[in-house]
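One-letter residues, chain by chain:
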Amino acid sequence: MTGLRYVYAVCRPFGAALEDGPAGVAGVPPRQLPHRGLIAIVSTVPEEDFGEAPLRAHLEDLGWLTATARAHQGVIDALTSVTTPLPLRLATVFRDDSGVRAMLEEREDDFHRALDRLDGRVEWGVKVYAEAERTERAQEPPGDRKAASATSGRDYLRQRRLRHQAHEEIRENTERFVRRLHETLSGCAEDSLLHPPQNPALSQVPGRNVLNAAYLVPRSASEAFVERVDGEKSGIPGVRVELTGPWAAYSFSGVEGRARP
């Protein structure tokens, strides 16, 4: 079979068909490549796009990268609905089937340990955004803004001090909420991980990201976890809680693709 081998994930043998028949990277449907009790999920992709030099150039092309990432994630999502996959890094490519099998054999023990730990579990992501400054500004009556410009210097400093105190109070309440939320959700999960806050310039999401966490949850306990997050969402003005998932356990797999020629 000509072309390079694009590897999405490693898992154990499963009998169910993938939901929705994911198209796969480069429009090539994924297939199973078995080796000694493990399965690599692969597509055969053209060398003119995924060889070392063209791939390096493509990774600088945001449009190409976005389309490839979506196709990659579509396969991972389909796998997550029927089994426990260990996702590999985007654009993990090998020369041929024998290269993939050599990778499976080399890392066999690591893969089995990770699959034993993650079997029947999924990852949920929880992000908290603080929108206090925008909320405060929106709630300030227009008349007050005009009046503020006409006040004396003493009144101006007093109003500024009061606004600062209100802002600090909101910030402290938000921090307490985030600590309590993470502690509560960690108690409902088998494991948790704090990621660095998102850069708003890159994420294009409004508000300041004050919690970016992942939680490892048994699939059977996911409904209760979602209900717990929903129950914690209200109560703090200017704070937004976002829940995403269920995902393959990216944050807890401890494996990444290492392509070889």
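Details of the structure are given in the entry above.
Below, the structure is looked at part by part. If you're wondering where the values come from, they're calculated on a predicted model, not measured in any experiment.

With that settled, the discussion passes to the packing of aromatic side chains. Within this structure, the stated rule accounts for 5 aromatic pairs. With a centroid separation of 6.5 Å and 35° between ring planes, the pair formed by W124 and F225 is classed as tilted. Taken as a pair, W124 in strand 6 (residues 121-130) and F225 in helix 10 (residues 222-232) lie far apart in primary sequence, 101 residues in all. F225 carries the same exposure label as W124, and that label is buried. An aromatic cluster is built from Y6, Y8, F50 and W64, whose rings are joined through pairwise contacts.

Among the residues of helix 4 (residues 97-106), D97, G99, V100, M103 and L104 are the ones counted as buried. All buried residues of helix 4 fall inside an arc of 165° around its axis, so they share one side. Against the buried residues of helix 4 lie strand 1 (4-11), strand 2 (31-35), strand 3 (38-45), strand 5 (93-94) and helix 5 (108-118).

This part takes up the side chain of H58. Position of H58 among the secondary structure elements: in helix 2 (residues 52-58). Since its relative accessible area comes to 18%, H58 is described here as buried. Not counting residues within four places of it along the chain, the set of residues in contact with H58 comprises D49, W64 and L65.

Most of strand 1 sits inside the fold, with 8 of its 8 residues counted as buried. Pairing of strand 1 with strand 3 involves 7 bridges; the strand directions are antiparallel. Looking at strand 3, one finds that C11 is bridged to I39. As defined by bridge partners, strand 1 adjoins strand 5 across 2 bridges and the pair is classed as antiparallel. For Y6, the partnering residue across the bridge sits in strand 5 and is V93. Two elements, strand 1 and strand 4 (residues 86-87), share 2 bridges in a ladder whose sense is antiparallel. Bridge pairing in strand 4 links A9 to P87.

Taken in spatial order, the 4 strands line up as 7-8-6-9 in an open sheet, and their pairing is antiparallel. Two strands lie at the open edges of the sheet, namely strand 7 (191-194) and strand 9 (239-247), each paired on one side alone. For this sheet, the mean angle separating the axes of adjacent strands, direction not counted, is 20°. The pairing of strand 6 with strand 9 spans 7 bridges and is classified as antiparallel. Pairing of A130 across the sheet is with V239, part of strand 9. The strands touched by helix 10 within the sheet are strand 6, strand 8 (208-218) and strand 9, with strand 6 carrying the most contacts at an inclination of about 5°.

Here the focus is the pattern of salt bridges. In total, this model carries 13 salt bridges according to the counting rule given. Close ionic contact of E105 with R36 constitutes a salt bridge, the shortest N to O distance being 3.3 Å. Highlighted residues: E105 in helix 4 and R36 in the loop between strand 2 and strand 3, separated in sequence by 69 residues. The salt bridge involving D110 is made with R113; its shortest N-O contact spans 2.5 Å. Of this pair, D110 and R113 are both found in helix 5, 3 residues apart, which corresponds to roughly one turn of the helix. Linked through salt bridges whose partners overlap, the residues forming this network are R5, R31 and D97.

Moving on, we come to the side chain of D97. Counting through the fold element by element, D97 comes out in helix 4. There is a polar contact of 2.6 Å between the side chain of D97 and the side chain of R5. In this structure D97 touches R5, R31 and L33, once residues within four positions along its chain are discounted.

With that settled, the discussion passes to the environment of A249. In this structure, A249 sits in the segment after strand 9. A relative accessible area of 4% means that A249 is categorised as buried. Each C-alpha atom of the pair A249 and V122 lies 5.4 Å from the other, and the pair is 127 residues apart in sequence.

Within the secondary structure layout, G27 lies in the loop between strand 1 and strand 2. Of the residues examined, G27 reaches a relative accessible area of 54% and is grouped as exposed. Separated by 18 residues in the primary sequence, G27 and V45 have C-alpha atoms spaced 8.8 Å apart.

Cut-offs and rules
- Residues numbered from 1 in each chain as written.
- Predicted model: local features only at pLDDT ≥ 70, side-chain atom pairs only at ≥ 80, totals over all residues.
- Heavy atoms only, no water.
- Phe/Tyr/Trp six-rings, centres within 6.5 Å; stacked < 30°, edge-to-face > 60°.
- Helix = DSSP H or I, 4+ residues; strand = E, 2+ residues; numbered from the N terminus.
- Buried < 20%, exposed > 50% of the residue type's maximum accessible area, 1.4 Å probe, protein only.
- Arc of directions from axis to C-beta.
- Contact = heavy atoms within 4.5 Å.
- Pairing = 2+ DSSP bridges.
- Axes fitted to C-alpha atoms, helices over the stretch in contact; angles between N-to-C directions.
- Salt bridge = Lys/Arg side-chain N within 4 Å of Asp/Glu carboxyl O.
- Polar contact = N/O pair within 3.5 Å; in protein donor to acceptor, adjacent residues only side chain to side chain.

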